[in-house]
Amino acid sequence: GAVVSQHPSWVICKSGTSVKIECRSLDFQATTMFWYRQFPKQSLMLMATSNEGSKATYEQGVEKDKFLINHASLTLSTLTVTSAHPEDSSFYICSARDLWEGPDTQYFGPGTRLTVL
Amino acid sequence: QQQVKQSPQSLIVQKGGISIINCAYENTAFDYFPWYQQFPGKGPALLIAIRPDVSEKKEGRFTISFNKSAKQFSLHIMDSQPGDSATYFCAARPISSGSARQLTFGSGTQLTVLP
């Protein structure tokens, strides 16, 4: 099956610093990738949808200047949390849609645990 | 506004028993209903999915029952095993002309299967 990887799997940073999270589709091309945020024992909340070569579409309430998304190629999307604060600590999960398999497919990455001190 | 409501929040089942998780959707037309399984510290993994033109779909021990008129769908796990202990999310994808068609997730059910 299709594999989506994320790097790093966990990161600890100081308040005020920026953190970049990578999401890669390893064996397929993904024109669309999604970024989710998940707090402990809660559901996945969609943050933004990124399409290769164009600007990301952010969900209401998500600060686009704080959560920078770049989808520069068909296999890579990055999420940068700028000037991170403790309240940004969360589990960030990306998913990717296979270009050739259609809208039913959405493969999830293993997630990145961000802790901001 | 939560468009997909999931219950129960938590469920404890004895090994060999049947686990049943329910979801209901409201107002918005959806055309694809997947269920995801998530283990602690991991991303969700697709378990099984159904379209509204089918009332039931079975894959191994997992069955989705779909009631279009009631706007409800449920996951049944037969012969539940301790390895099934995880959080389960239902989801729904809206009918739309947009290319994104993002999934809307339920709130999740934490399943514990006792040995």
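Residues numbered from 1 in each chain as written. Chains lettered and ligands numbered in written order. Predicted model: local features only at pLDDT ≥ 70, side-chain atom pairs only at ≥ 80, totals over all residues. Heavy atoms only, no water.

**Concerning the pattern of salt bridges**
Residues and elements named next belong to chain B.
Right, on to step 1. A full pass over the atoms with the stated rule returns six salt bridges over all chains.
Right, on to step 2. Of the charged contacts, one joins Asp31 and Arg93 as a salt bridge, the two residues approaching to 3.4 Å between their closest N and O atoms. Remark: Arg93 occurs in strand β9 (residues 86-94) and Asp31 occurs in strand β4 (residues 30-38); sequence separation between them is 62 residues.
Right, on to step 3. Relative accessible area serves as the criterion here: at 15%, Asp31 is assigned to the buried category.
Right, on to step 4. According to the relative accessible area criterion, Arg93 is buried, its value standing at 1%.
Right, on to step 5. With its nearest N and O atoms 2.8 Å apart, the salt bridge here joins Arg61 to Asp84. Within this pair, whereas Arg61 is found in the loop between β6 (56-59) and β7 (62-67), its partner Asp84 is found in the loop between β8 (72-77) and β9, the two being separated by 23 residues in sequence.
Right, on to step 6. Looking at Arg61, the relative accessible area reads 26%, which means it is partly exposed.
Right, on to step 7. Residue classification places Asp84 among the buried residues on the basis of a relative accessible area of 5%. (Salt bridge = Lys/Arg side-chain N within 4 Å of Asp/Glu carboxyl O. Helix = DSSP H or I, 4+ residues; strand = E, 2+ residues; numbered from the N terminus. Buried < 20%, exposed > 50% of the residue type's maximum accessible area, 1.4 Å probe, protein only.)

**Details of unusual backbone geometry**
Right, on to step 1. Put simply, His7(A) and Pro8(A) share a cis peptide bond, and its omega is 0 degrees.
Right, on to step 2. Mapped onto the fold, Pro8(A) is located in the loop between β1 (4-7) and β2 (10-13).
Right, on to step 3. A positive phi angle, near 55 degrees, is found at Lys71(B), a position not held by glycine.
Right, on to step 4. Among the structural elements, Lys71(B) can be located in the loop between β7 and β8.
Right, on to step 5. The phi torsion at Asp79(B) lies on the positive side, around 45 degrees, for a residue other than glycine.
Right, on to step 6. With respect to the helices and strands, Asp79(B) occurs in the loop between β8 and β9.
Right, on to step 7. Among the residues examined, Asp79(B) registers a relative accessible area of 40% and is labelled partly exposed.

**Topic: the interface of chain A and chain B**
Think of interface size as the accessible area that goes away when the parts come together; that is how it is often given.
Right, on to step 1. Between chain A and chain B, the contact holds 19 residues from the first and 19 residues from the second.
Right, on to step 2. Looking at the side of chain A facing chain B, the largest losses of area belong to Ser43(A), Asp104(A) and Phe108(A), adding up to 32% of the total buried there.
Right, on to step 3. In this assembly, chain A and chain B are joined by zero salt bridges.
Right, on to step 4. In this assembly, chain A and chain B are joined by four residue pairs in polar contact (both at pLDDT 80 or more). (Contact = heavy atoms within 4.5 Å. Buried area = accessible area lost by both parts, 1.4 Å probe. Polar contact = N/O pair within 3.5 Å; in protein donor to acceptor, adjacent residues only side chain to side chain.)

**Some points on the nonpolar core**
As a rule of thumb, nonpolar side chains are buried together in soluble globular proteins.
Right, on to step 1. In terms of nonpolar packing, the biggest core is built from 24 residues, with Phe33(B), Trp35(B), Phe73(B), Leu75(B) and Tyr88(B) touching the most fellow members.
Right, on to step 2. If you look at the next biggest cluster of nonpolar residues, it comprises 23 residues, including Ile21(A), Phe28(A), Phe67(A) and Val116(A). (Core = buried A, V, L, I, M, F, W, Y, C linked by side-chain atoms within 4.5 Å.)

**Focus: the environment of Gly43(B)**
Right, on to step 1. Within the fold, Gly43(B) resides in the loop between β4 and β5 (45-50).
Right, on to step 2. According to the relative accessible area criterion, Gly43(B) is buried, its value standing at 14%.
Right, on to step 3. What Gly43(B) contacts, discounting residues up to four positions off in sequence, is Gly109(A), Pro110(A), Gln37(B) and Gln38(B).

**Brief notes about the sheet that holds strand β3 (residues 19-25) of chain A**
All names here are of chain A.
Right, on to step 1. Ordered by their spatial adjacency, four strands build an open sheet running β1-β3-β8-β7, and the pairing between neighbours is antiparallel. Because the sheet does not close on itself, it has two edges, and the strands there are β1 and β7 (67-73). Strand-to-strand twist of the sheet, defined as the mean angle between neighbouring strand axes without regard to direction, takes the value 15 degrees.
Right, on to step 2. When β7 meets strand β8 (residues 76-81), the two strands line up antiparallel, connected through five bridges. What sits directly across from Ile69, in β8, is Leu79. (Pairing = 2+ DSSP bridges. Axes fitted to C-alpha atoms, helices over the stretch in contact; angles between N-to-C directions.)

**What about the packing of aromatic side chains?**
All names here are of chain B.
Right, on to step 1. Per the counting criterion, the structure on display carries 17 aromatic pairs over all chains.
Right, on to step 2. A ring pair is formed by Tyr36 and Phe105, whose centres lie 5.7 Å apart and whose planes are at 50 degrees; its orientation type is tilted. With Tyr36 in strand β4 and Phe105 in strand β10 (residues 104-105), the pair connects residues that are 69 residues apart, well separated along the chain. Comparing Tyr36 with Phe105, the two get one shared label, buried. (Phe/Tyr/Trp six-rings, centres within 6.5 Å; stacked < 30°, edge-to-face > 60°.)

**Points about the sheet that holds β8(B)**
Residue and element names in this part refer to chain B.
Right, on to step 1. Pairing within the open sheet is antiparallel, and its five strands lie in the order β1-β3-β8-β7-β6. This sheet does not close on itself; its edge strands, each paired only once, are β1 (4-7) and β6. Ignoring which end each strand starts from, the neighbouring axes of this sheet average 15 degrees apart.
Right, on to step 2. Across four bridges, β1 lies against strand β3 (residues 19-25) in antiparallel orientation. Across the sheet, residue Gln6 finds its bridge partner in β3, namely Cys23.

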